[in-house]
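A structural walkthrough
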Amino acid sequence: MRLVAPTPALFLLALGATAQTAPVPAPTLPPGYVGSEGCQACHQELYDAFQKTPHNAPAADKKYGFTGLACESCHGPAQKHVDSPSADTIRNPAKLAAPAADKVCLTCHLNQHTQVGRLESSHMKDQVSCTSCHKVHANGGHDLVVRKASAINAQCTSCHLNVWAQFQRPSHHKLPEGAMSCVDCHNPHGSIRPAMLQSFAGTEPGCFTCHGDKRGPFTFEHAAVKFEGCGSCHEPHGSANPRMLIRQEVRFVCLECHANFPNPPATNSALGVVPPAFHDLNSPRFQNCTVCHQKVHGSYVDRNLLR
Amino acid sequence: MKSLLVIAVTLPLIAQQPVAPTPAAPTPAAPTPAAPAPASAPATSDEWFSGYIDLGYRWQTGVGGSLDTYRSFVDLGSGPKLVGADFTITDPKHRLFDELGVRAFGWGDDPNESLHIDVKKSKLYDFNADYRDIAYFNYLPSYADPLLSTTGVALNEQSFDTRRHLASFNLDLLPGNWLVPYVSYDRDSGSGTGETTFVNDANEFAVPNTMSDRTSLFRGGVRIELKRFHATLEEGGTKFRNSQDVYQTSGSTNLGNATNTFLGQTIDLTGLAASYGINGSSNYTKGLFTANATSWLDLYGQFLFSQPSTNVYYNQLATGNLVLESQLLFYSSQQFVLSAASQSPHTSGSFGAEIRPLRNVRIIQSWLTDRMHENGNANSNETLGNLYGATQMAAMLASSLVTNYNQEEIDVFFDPTSKLMLHGGYRYVWGNANDAVLPVAGLASADQGSLSRNVGIAGITFHPSQKLLVSGNVEAASSSGAYFRTSLYNYQKWRAQARYQVNPSLSLAADFALLNNQNPLPGVKYDYLASQESLSLLWAPKGGKNWNFQGSYSRSTVYSDISYLDPEFLTPEQSLYRDNAHTASALFTANLPHYDGLTPTISAGGSLFISSGSRPTSYYQPFAKLVVPVHRNLAWFSEWSYYGYGEAFYLYEGFRTHLVMTGLRFSR
């Protein structure tokens, strides 16, 4: 929602009306500030909506030093704007460059748990500001960011067009169906994990939030799962291959690593290259490795992941 | 949980009162790029209830082609449905709560049922609960050869028909206060049936199985949020249980997949009872902090530690004509008992700082580490019986998996003007790993690898006006070590985006991404190139008053080429993968002539996916929807959708079906 720039005459009329109905003693304000009531005179609708948002908190919380200055905590001192009402005389964080806009938000929000992964956030590094996703006024008394799964997905994919296209493939996580959202797997504020993935139980990939049976620890692990994650074999956004695999047939997923080349340590790309057995891959019986090596995510029982 | 949903849905229905009209908004079947993000049940006034509830009935016309593939991908069925509900109840007197929000979608035996409840009271508590019931079905053929079934081999030897239940409850106390205690409980469980394989040395047998697992996560902590710093301390733990039964009823003979005899004998299975009993637990500690040390310095840090462990008891009884190849020992009964344990201490941490030496310069330095040192052991006893007696074998195995990952990065951000931002950086990634099972057996040995990668980073953001935004970044890396043949090695990642508001009614967006990864080492020679280009537009003349159109198109290509040696003859082979895909989605919405202040809307669109290459595939999902308001708080909607899937190489997997849904929307 845009701030409406009123004409001076309207402003004076409104100011007069306010002064007639509710004469209040002038609070002690820092130089250049007019207080939220000063903004209310012209921006009544915004003011009313704002009373219901969490962003009204700075007005009552002494911690941030903005007591009575809810609007100006983000928009800066408004005296100049009052004297000369124009969009050019007031700071609008939504129109600032990303670092400047973030600086406004982080005045209060830096020291919150949500920001702890900020330095690892590609959103921060790519100059995606807080106001790209958070609408400070728009949701009235509700949360400042969309919460419904389909709305979250629409918001994320308005930038991540390529990713949304992947979800139109037949094997995909159920985002187009509205059953999941991007933030189920990714933390848009940043995360210690690659690709800003969510975490599970402290240190583990967020995949295990839903796929707890793949977590282990297994007695006999499949190293690729632990070292490079599910994405070693699966394309989590979507694939034309069954089970979101990265290749059209399972055997190629396996053989690209388990390639049978001798003396692997010399290459420093070594893990898993030696085959566990000599199979005739011309026989369809052996073309799908996971029919026998069924515990491909890790086995509690068998070193060759057979059971 | 379902009864809770019924109560939550019916309560506001019973209590509805006539109020000012709220136009019923059409709901696209699927979110489309460039769509304006809809708010969640916006409260437009001081009404105690706002939002909507959609109830309907869906008909499925039947599935042409493969029902199993349809169920694996779509799985929508006929019947009455709670299509969706999204509403907010506010208490003007702020007694038990200020606001209660409910979102529920897809209830009525649909594959993706969800319920979310938010309840909050300012400065006292903030509670949210989330529940999902997901049908997890996959019956896609395991084998690539569709004629295999003619030889008696089952096509589906890794299939399952399960449901997963995910529940999450979070309670924050004193939200907005400087001290916020919180507790949380999450539960993930699944159960169902499927088909799997029992593997013997010379044959493998498709057999049914039942699965059940559940993980409970308990956590609690406190957040301290002050003006100059924040700290979060959290303790948590998990309880895990997993059981699986694999069986074949005695009296039947399973000939397995092998079409040949072994030394003249048919290897078969006449009975099987195998059960896995797995229990696990973990404790974890999390410590987070941020600090605004000075006006030019911010600090960030995390410390995470967890130690999951599992204990396993496995028992297997099998009968038939079976063989131990290594000793050429035929046997008719087998008992295999194993007990195992493993634990995986895992430590992660990061520390970083943002330094602002000048008004338009920011320097970010960060360090990250992730260390997991896992070990396990297994003791087994096996008894093989035949006409000549019993043979006993015992084994003790020890496993170890270690990874030490480290990453250090420095980034410099420079803003020459308020419209131009430049970014340059350098990242060094290093680590080592090993994977071993002792004693060594066969060709498998103790593996070890190292990781060493230098990455250069550059980026630019150009924002000359509110109408235009262009950004791009590139990473270029050179490695001297990677864990796997297909890991990132010498790579370049490109990403560019542009958004342009042509006029108030038309906006365009473009997205480009490319990854080029090469590993030139002898014995690897990996060549990988993937690119994606997307365009989208949103066209809404007169602010979408009469109609609007959203559309997007993406093209993506993947080329992957890596060699391997055939396992049997060690002859060079090539794994060549190509994918050339076109994806388009569209949504057209128009307002029809209005009456009595009510405006019907019609929308149509959907998505298509067509690919060629290693697995040529087509997938069409068109839909159309009509919404006709019949009263200020009531609208009738009707929707048609179609799913059509085709495979050029695997024709038997294709399916097509029509779905028709009609229902009523109650809204305020």
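Calculation criteria
- Residues numbered from 1 in each chain as written.
- Chains lettered and ligands numbered in written order.
- Predicted model: local features only at pLDDT ≥ 70, side-chain atom pairs only at ≥ 80, totals over all residues.
- Helix = DSSP H or I, 4+ residues; strand = E, 2+ residues; numbered from the N terminus.
- Buried ≥ 20, exposed ≤ 12 C-beta atoms within 10 Å, placed from the backbone.
- Contact = placed C-beta atoms within 7 Å.
- Expected span 1.5 Å × (residues − 1).
- Nonpolar A, V, L, I, M, F, W, Y, C, P; charged D, E, K, R; others polar.
- pLDDT = per-residue confidence, 0-100.
- Pairing = 2+ DSSP bridges.

Turning our attention to the overall build of chain B. A tally of regular secondary structure across chain B gives 2 helices and 29 strands. Viewed in the frame of its principal axes, chain B has a C-alpha envelope of about 90 × 65 × 55 Å. Put simply, chain B has 668 residues, and 37% of those count as buried. Looking at chain B alone, contacts between residues at least 24 apart form 61% of all its contacts between residues at least 6 apart.

On to the overall build of chain A, then. Check the secondary structure of chain A and you find 14 helices and 4 strands. Considering chain A as a whole, with its 307 residues, one finds that 52% of them fall into the buried category. Of all intrachain contacts in chain A linking residues separated by at least 6 positions in sequence, the fraction that spans at least 24 positions is 54%.

On to helix H7 (residues 98-109) of chain A, then. Counting along an α-helix, one turn takes 3.6 residues, and residues three or four places apart therefore face a common direction. Its 12 residues give H7 of chain A an end-to-end C-alpha distance of 15 Å, which sits within 8% of 16 Å, the value for a rise of 1.5 Å per residue. Within H7 of chain A, burial applies to Ala98, Pro99, Ala101, Asp102, Val104 and Cys108 of chain A.

Glancing now at the interface of chain B and chain A. Facing the 164 residues of chain B at the interface are 110 residues of chain A. Sorting elements by how many residues they give to the side of chain B that touches chain A places strand S11 (residues 268-294) of chain B first, with 9 residues. Grouping the constituent residues of the side of chain B that touches chain A by class yields 65 nonpolar, 71 polar and 28 charged.

Turning our eyes to something else, we now look at unusual backbone geometry. A cis geometry characterises the amide bond from Gly216 of chain A onward to Pro217 of chain A, with omega recorded as 5°. Within the fold, Pro217 of chain A resides in the loop between strand S2 (204-205) and strand S3 (220-221). Cis geometry is found at the peptide bond from Leu438 of chain B to Pro439 of chain B, where omega equals 0°. Of note, Pro439 of chain B is situated in the loop between strand S18 (420-438) and strand S19 (447-465). Here the phi dihedral of Met196 of chain A falls at roughly 55°; this positive angle occurs in a residue that is not glycine. Locating Met196 of chain A in the fold gives a position in the loop between helix H11 (182-185) and strand S1 (199-200). For Leu305 of chain A, which is not glycine, the phi torsion reads 60° and is therefore positive.

Turning our eyes to something else, we now look at the confidence of the model for chain B. Mean pLDDT over chain B stands at 90; residues scoring 70 or higher make up 90%. Both scores are given for the predicted complex: the pTM is 0.90, the ipTM 0.90.

This next bit is on the pairing of strand S17 (residues 389-417) of chain B. All names here are of chain B. Here strand S16 (residues 361-386) pairs with S17 via 26 bridges, running antiparallel. The partner of Thr369 across the bridge, within S17, is Asn406. Between S16 and S17, which pair antiparallel and follow one another directly, the connecting turn spans 2 residues. Relative to S18, S17 is paired through 18 bridges, and the arrangement is antiparallel. Among the inter-strand pairings, Phe413 is bridged to a residue of S18, identified as His423.

Turning next to the environment of Gln497 of chain B. Mapped onto the elements, Gln497 of chain B comes out in strand S21 (residues 490-503). Separated by 38 residues in sequence, Gln497 of chain B and Leu535 of chain B place their C-alpha atoms 9.9 Å apart. Apart from residues lying up to four places away in sequence, Gln497 of chain B is in contact with Cys159 of chain A together with Ser471, Ala510 and Asp511 of chain B.

To continue, consider the pairing of strand S6 (residues 125-138) of chain B. Residues and elements named next belong to chain B. Across 10 bridges, strand S5 (residues 112-121) lies against S6 in antiparallel orientation. Within S6, the residue paired with Glu113 across the bridge is Asp133. Connecting S5 to the next strand, S6, in antiparallel fashion are 3 residues, including Lys123 with a positive phi near 65°. Both S6 and strand S7 (residues 159-173) contribute to a ladder of 14 bridges, which runs antiparallel. Paired with Asp130 across the strands is Ser168, a residue of S7.

What follows concerns helix H9 (residues 149-157) of chain A. Residues and elements named next belong to chain A. Of all the 9 residues making up H9, 9 are buried; the element is thus mostly covered by neighbouring parts of the structure. Those residues of H9 lying buried are Ala149, Ser150, Ala151, Ile152, Asn153, Ala154, Gln155, Cys156 and Thr157. Residues of H9 that are buried in the fold lie against helix H10 (161-166) and H11.

Below, the discussion takes up the confidence of the model for chain A. Interpretation of the predicted coordinates at a detailed level should be avoided for regions scoring low in pLDDT. In this model, chain A carries an average pLDDT of 83, and 85% of its residues clear a pLDDT of 70 or more. Across residues 1-24 of chain A, where pLDDT falls below 50, the model places 21 contacts with residues more than four positions away in sequence or in other chains.

Mapped onto the elements, Gln127 of chain A comes out in the loop between helix H8 (122-125) and H9. Ignoring anything within four residues of it in the chain, the contact list for Gln127 of chain A reads Ala98 of chain A together with Met421, Thr461 and Ser471 of chain B.

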